[in-house]
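Each chain, written out:
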Amino acid sequence: MSSLAVSEPPASRAPSRSPARSPALSPAPGPSRCGGERRRNASEAGADLGVVQDTPLRSVDLSRIIKLLEDSDSKDLEKEQLKTLKKVVKHFENGLPLKDLAQIIEILNLCAEKMNEREAFTEPLCELIKLCGLPFQKKKLSDEVNYSVAVSNCIAQLGYLMRVPSSQVRIQICKCVVSFYNTELPRKLLSGYQPTSANYKIQMAELGGLAETLILSLTLVENQLTEKLWVLKALQHLSSSGVNCRLMMKAQAASRLCLYLNGVDPSGQLVFRSSEILWNLLENTSKEEVVNQLSSLECVHALKEVFVDLLMHGFRHYDRQLRNDLLVIATLLAENPAAPMIEGGFTKLLIVLATFTEVKIPNPLVKGLKLTYSYEDFELKKLLFNVIGVLSKDPCAVQLLSENDVMPALLCYVKPNQKPGFHDWSAAQYEELQLHAIAILASVAPLLLDKYLSCQANTLLLMFLEWCIGQDPFFGQGNSFHGTGGRGNKLAQMRCSLRVLRSVVSLYDDAVNLNLCDQGAISQLLDILKYAADKSKEKEDAILLEIQADILFILSALCENDLHRKELFSYEGVDILIPFIQMDPKRLYSGLGHNCLLFSALDCLWSCVIGCYIAEDYFLEKRGIFLLLDLLALKQKNLCNIILGILVEFCDNPKTTSHISTWRGEKDQTAANLLIELWRQEELELGVKRDRYGRIADVKRPIASSFQKQQEVIPMPANCPSFAIMEISENIRAKLYSLLCKLGFENLPGLSAKDFVTLAIIRRYIDFKVGEVWSELCAELKEEFRPVTSDEEALKVISEVSENTGRMVVALQTEVLESQHHQEIQEEEKTYTKIQAIHKQREMANKSWENFLTRTSKYEALKKAKRIQEKSIEASRSKLKTQNGTVHSTDIKGLSTTIGSGRLVTVESTPSQLIGGPLAVTDLALRKPSVCEGALKKIKRIKTLDSVKKDSVPVE
């Protein structure tokens with residue numbers, strides 16, 4: 001029987017898994033991770049193996065053989081039956097045809113029944129099972145589909161044969177299953193047949209539920225190590241499929257396998273194969289389901305015992321890798337609050353293992369244990385740190401963390417790297433452990449504040465941060481997850497340390513914050529913030545943005561509600577905050593973290609500046625209010641709420657309102673107009689009813705959102721806020737109202753009629769909100785009981801007051817709109833009057849020009865115009881005769897112009913482009929004068945006033 005034992009020793013193992021590494025990367029001596037490719041190529045290997053294709057398959061009457069096996073037993077008949085079975089095995093030595101599988105399985109079952117009384121049938125049964133490991137034979141391509149039900153039943157029957165109380169049969173069944181994944185073609189192929197595809201048996205095994213059957217069969221081989229190992233080897237292959245893993249989970253595979261981990265096995269294969277199957281289950285099924293099956297006290301004890309055994313006695317490379325694999329499974333268990341890790345003592349053991357090398361306190365749990373500095377032990381150290389982080393989320397484990405010196409152990413790493421290597425770790429390994437320890441400290445420190453303070457953690461962290469911005473030569477490796485972005489600098493160390501400070505100050509514990517401030521943390525943090533901001537100008541990086549955001553948060557937590565700390569922040573802090581608020585809005589969508597940085601800066605402004613008049617006045621001097629309004633003008637939903645809150649708080653400073661009123665945005669937009677636009681935008685998103693002009697559409701509920709109107713009346717206790725009250729904190733309307741109240745509702749510049757319509761609603765916001773509360777109160781009263789007459793009348797009067805307020809606002813809005821409409825009509829009339837005057841002027845000019853042309857072209861018209869002119873002149877003279885007075889004639893003798901005469905005459909000259917200007921020709925005697933030049937000679941003593949078109953000349 002020893003020859004049937006599993007022959008492969010578990011000597012070779014892949015590198016140990018880390019939590020971030022997939023379990024699939026750990027190969028096993030069993031199923032190959034790349035076996036699928038070999039299976040796909042198996043059918044092509046026939047030529048290389050010298051396969052003969054022309055072996056004829058003679059017919060055999062399987063029905064007669066079945067009938068023979070069913071006959072009553074006798075000595076002679078038994079010999080005949082065994083002889084016939086040998087012939088069947090010989091007949092199908094090159095593979096079983098798909099069409100004969102159903103009868104073959106019937107023969108197998110008959111042999112299994114006979115084995116209970118006669119052991120002679122053991123060998124034929126094993127030989128027939130062995131034939132099932134060969135590729136099945138098909139005649140047509142469609143046979144695989146047509147016979148799929150029969151084949152799946154056949155493979156399922158193989159699993160059921162595990163009930164046969166024969167070690168030889170059970171091992172042969174397991175070997176047959178393993179052969180599904182290591183397909184080898186027979187030396188001879190049947191004529192007219194082809195082997196089925198490589199994955200066909202695997203698919204049929206999934207369809208037949210073989211994996212579930214083998215899991216259940218483990219109970220039959222609990223006390224037979226060899227058989228158990230073979231079953232586990234078969235399951236190891238089957239568990240590479242997600243379908244099989246789900247079938248195995250139905251049979252409680254995880255808990256069954258875990259209980260076998262601490263079984264006696266000198267070869268070590270039991271632990272190895274069981275852990276590999278568990279890994280496959282974790283990979284291919286629900287992790288939560290696997291963990292739930294492992295979360296029993298028995299499983300925890302088994303896992304702990306085998307882990308401790310490998311830890312204390314494992315010396316091979318393979319043992320350390322397997323130990324780390326089991327630790328990862330234990331970590332998954334620790335994440336489940338229902339797992340009895342504390343009750344089983346496993347939690348305490350893991351905590352002690354994580355800290356015993358740093359605190360050097362003797363503990364019987366680790367007596368005689370000494371870790372090496374190999375890669376596997378380095379992975380173990382990181383896994384143990386990771387377990388501490390997981391346990392920090394379990395409130396029940398906090399006491400154990402405190403008792404076993406976790407805080408001092410982690411703080412050992414909060415110190416500068418003074419030499420390339422620490423102990424026997426390389427520089428890169430120590431840096432990775434250091435960053436991991438500080439990252440875990442951020443999770444543990446808020447839970448152990450007493451230990452945190454007693455170990456002077458604040459002092460260590462501030463000194464470490466001072467080193468981070470110092471000039472000491474240090475080049476980070478940046479190889480680990482926590483070292484991202486820290487290659488060649490100390491930014492990774494700075495980020496992890498700031499995360500620790502952030503985690504403790506976020507608790508707002510007075511002792512911790514006072515301890516920090518007493519050591520000058522505010523000034524030091526401002527220096528670090530300035531350092532990071534300068535670095536960010538050189539090259540923007542996500543890690544630098546995160547560092548700046550964390551520092552701003554820490555400063556916010558330290559300075560909030562403490563005037564003295566705000567004064568320490570004031571001047572230097574405001575100078576650093578201003579550039580953050582001036583951030584280009586396009587950067588908010590970069591994905592690096594600028595949006596988080598901006599929110600942190602605004603939160604810091606609210607906590608560190610507001611409430612301190614020194615800081616507020618300096619912020620106003622730096623035009624900070626203008627910057628806030630510029631951000632508000634972006635109308636980004638996530639920014640509006642916090643900016644409006646800051647502005648409302650700032651308005652307690654009397655200098656703020658003048659800054660807000662002075663601000664002008666794009667297109668000369670005023671702050672009041674911006675606030676009113678935000679109100680309209682908010683009401684549009686809330687679904688508040690308004691008509692097309694922006695007036696109130698529902699006087700009973702003028703500011704109710706669509707969500708409020710959908711809510712049913714629910715009677716609530718007096719200490720529970722109603723929907724009307726809750727709605728105030730869920731949108732920005734209350735802040736807008738408060739800010740406009742600070743600015744005043746009168747004489748607001750830059751508002752249109754539409755703005756005044758909205759402003760009428762804003763002004764009555766509190767009245768409408770009070771009306772909503774009374775409306776809810778009335779509805780709740782009517783749900784519970786009927787008010788007495790006097791109370792009902794009072795409630796009715798209150799409701800009418802709210803409705804009357806709504807009607808009054810509607811009337812005011814209508815008046816504003818009518819006034820605007822009237823003003824628009826007047827402006828339109830003025831515009832039309834101006835247009836008419838322009839057209840009339842043009843008509844008069846055209847008519848004057850036409851008269852001029854008529855006088856110059858028709859002599860009779862000229863004479864007529866002359867007579868009219870003379871009559872006009874005569875009519876204008878006084879009728880009284882002056883004695884001895886001189887009468888001047890209005891005519892100029894010898895004048896040949898065609899226009900009215902006077903001291904100045906406007907002459908239409910020849911265009912300059914024709915003659916080149918009056919001074920273009922200086923020597924007229926040298927050439928024959930042109931017509932134009934001759935005309936110019938006849939006009940004497942003319943002074944040119946306009947060289948382009950018109951000249952005004954005096955006439956004597």
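Residues numbered from 1 in each chain as written. Predicted model: local features only at pLDDT ≥ 70, side-chain atom pairs only at ≥ 80, totals over all residues. Heavy atoms only, no water.

## A look at the overall build of the protein
And then number 1: Each helix and strand counted, the protein has 44 helices and 6 strands in total.
And then number 2: Each of the 956 residues in the protein was classed as buried or not, and the buried ones make up 46%.
And then number 3: Taking as baseline every contact in the protein between residues at least 6 positions apart, the subset at least 24 positions apart corresponds to 76%. (Helix = DSSP H or I, 4+ residues; strand = E, 2+ residues; numbered from the N terminus. Buried < 20%, exposed > 50% of the residue type's maximum accessible area, 1.4 Å probe, protein only. Contact = heavy atoms within 4.5 Å.)

## A look at empty space enclosed by the protein
And then number 1: Considering all chains together, one arrives at 2 cavities of 30 Å³ or more under this definition.
And then number 2: Considering the residues around the largest cavity, the lining is formed by Lys-637, Cys-640, Leu-678, Gln-681, Glu-682, Glu-685 and Ile-732.
And then number 3: Of all the secondary structure elements, the ones that give two or more residues to the lining of the largest cavity are helix H33 (637–650) and helix H35 (671–686).
And then number 4: Looking at the lining of the largest cavity, the element that brings in the most residues is H35, giving 4 residues.
And then number 5: The class makeup of the residues in the lining of the largest cavity is 3 nonpolar, 1 polar and 3 charged.
And then number 6: Approximately 30 Å³ is the volume attributed to the second largest cavity.
And then number 7: Lining the second largest cavity we find Leu-282, Val-290, Val-291, Leu-294, Ile-329, Leu-332 and Leu-333. (1 Å grid on protein atoms, 1.4 Å probe; cavity = no way out; pocket = protein on both sides within 12 Å on 5 of 7 lines; lining within 4 Å. Points joined across faces, edges and corners; volume = space filled by probe spheres on them. Nonpolar A, V, L, I, M, F, W, Y, C, P; charged D, E, K, R; others polar.)

## Here's the deal with a nonpolar patch on the surface
And then number 1: Among the surface-exposed residues, Phe-707, Ile-714, Met-716 and Phe-723 lie close enough to one another that they form a single nonpolar patch of about 360 Å² accessible area.
And then number 2: Along the chain, Ile-714 falls in the loop between helix H36 (706–710) and helix H37 (723–730). (Patch = residues over 30% accessible without salt bridge, like charges linked within 9 Å, V, L, I, M, F, W, Y side chains within 5 Å. Areas by Shrake-Rupley, 256 points an atom, 1.4 Å probe, with all protein chains shown as cover. Salt bridge = Lys/Arg side-chain N within 4 Å of Asp/Glu carboxyl O.)

## What to know about the state of the cysteines
Each disulfide consists of one covalent bond between the sulfur atoms belonging to two cysteines.
And then number 1: One pass over the full model with this rule turns up 0 disulfides.
And then number 2: For Cys-517, which is in no disulfide, the shortest distance to another cysteine sulfur is to Cys-559 and amounts to 6.8 Å. (Disulfide = S-S within 2.5 Å.)

## Section: the packing of aromatic side chains
And then number 1: Tallied over the entire structure, the rule returns 12 aromatic pairs.
And then number 2: Both rings, one in Tyr-571 and one in Tyr-618, keep their centres 4.9 Å apart while their planes meet at 70°; by these two values the pair is edge-to-face. Taken as a pair, Tyr-571 in helix H29 (residues 563–581) and Tyr-618 in helix H31 (residues 613–621) lie far apart in primary sequence, 47 residues in all.
And then number 3: Owing to a relative accessible area of 47%, Tyr-571 belongs among the partly exposed residues under this scheme.
And then number 4: Put simply, the rings of Trp-679, Tyr-737, Phe-745 and Tyr-765 pair up and form one aromatic cluster.
And then number 5: One cation-aromatic arrangement involves Lys-201 over Phe-136; the distance from NZ or CZ to the ring centre is 4.5 Å.
And then number 6: Over the face of the ring belonging to Trp-679 we find Arg-733, whose NZ or CZ atom lies 5.9 Å from the ring centre. (Phe/Tyr/Trp six-rings, centres within 6.5 Å; stacked < 30°, edge-to-face > 60°. Lys NZ or Arg CZ within 6 Å of the ring centre and 35° of its normal.)

## A word on helix H14 (residues 269–284)
And then number 1: Between its first and last C-alpha atoms H14 spans 22 Å; for 16 residues at 1.5 Å apiece the expected length is 22 Å, and the two agree.
And then number 2: For H14, the tally of buried residues reaches 14 of 16 residues, placing the bulk of the element in the interior. (Expected span 1.5 Å × (residues − 1).)

## What to know about a negative patch on the surface
And then number 1: A grouping of Glu-824, Glu-827, Glu-828 and Glu-829 is seen on the molecular surface, where their side chains present a negatively charged patch.
And then number 2: Residue placement: Glu-824 occurs in helix H41 (residues 789–857).
And then number 3: For Glu-824, a relative accessible area of 41% corresponds to the partly exposed category. (Lys, Arg positive; Asp, Glu negative; His and termini not counted. Charge placed at Lys NZ, Arg CZ, Asp CG, Glu CD.)

## Observations regarding the packing of helix H4 (residues 101–115) against helix H5 (residues 122–132)
And then number 1: The interhelical angle for the contact between H4 and H5, taken along N-to-C directions, is 150°, at an axis separation of 9 Å. As far as their axial angle goes, H5 and H4 are roughly antiparallel. Taken as a pair, H4 and H5 cross one another with a handedness that is left-handed. Contact with H4, carried on its side by Ile-107, Leu-108, Cys-111, Ala-112 and Met-115, involves Thr-122, Leu-125, Leu-128, Ile-129 and Cys-132 of H5 and no other residues of that element.
And then number 2: Grouping the constituent residues of the contact of H4 with H5 by class yields 9 nonpolar, 1 polar and no charged. (Axes fitted to C-alpha atoms, helices over the stretch in contact; angles between N-to-C directions. Parallel < 35°, antiparallel > 145°, perpendicular 65-115°, else oblique. Left-handed = near helix turned anticlockwise from the far one by under 90°.)

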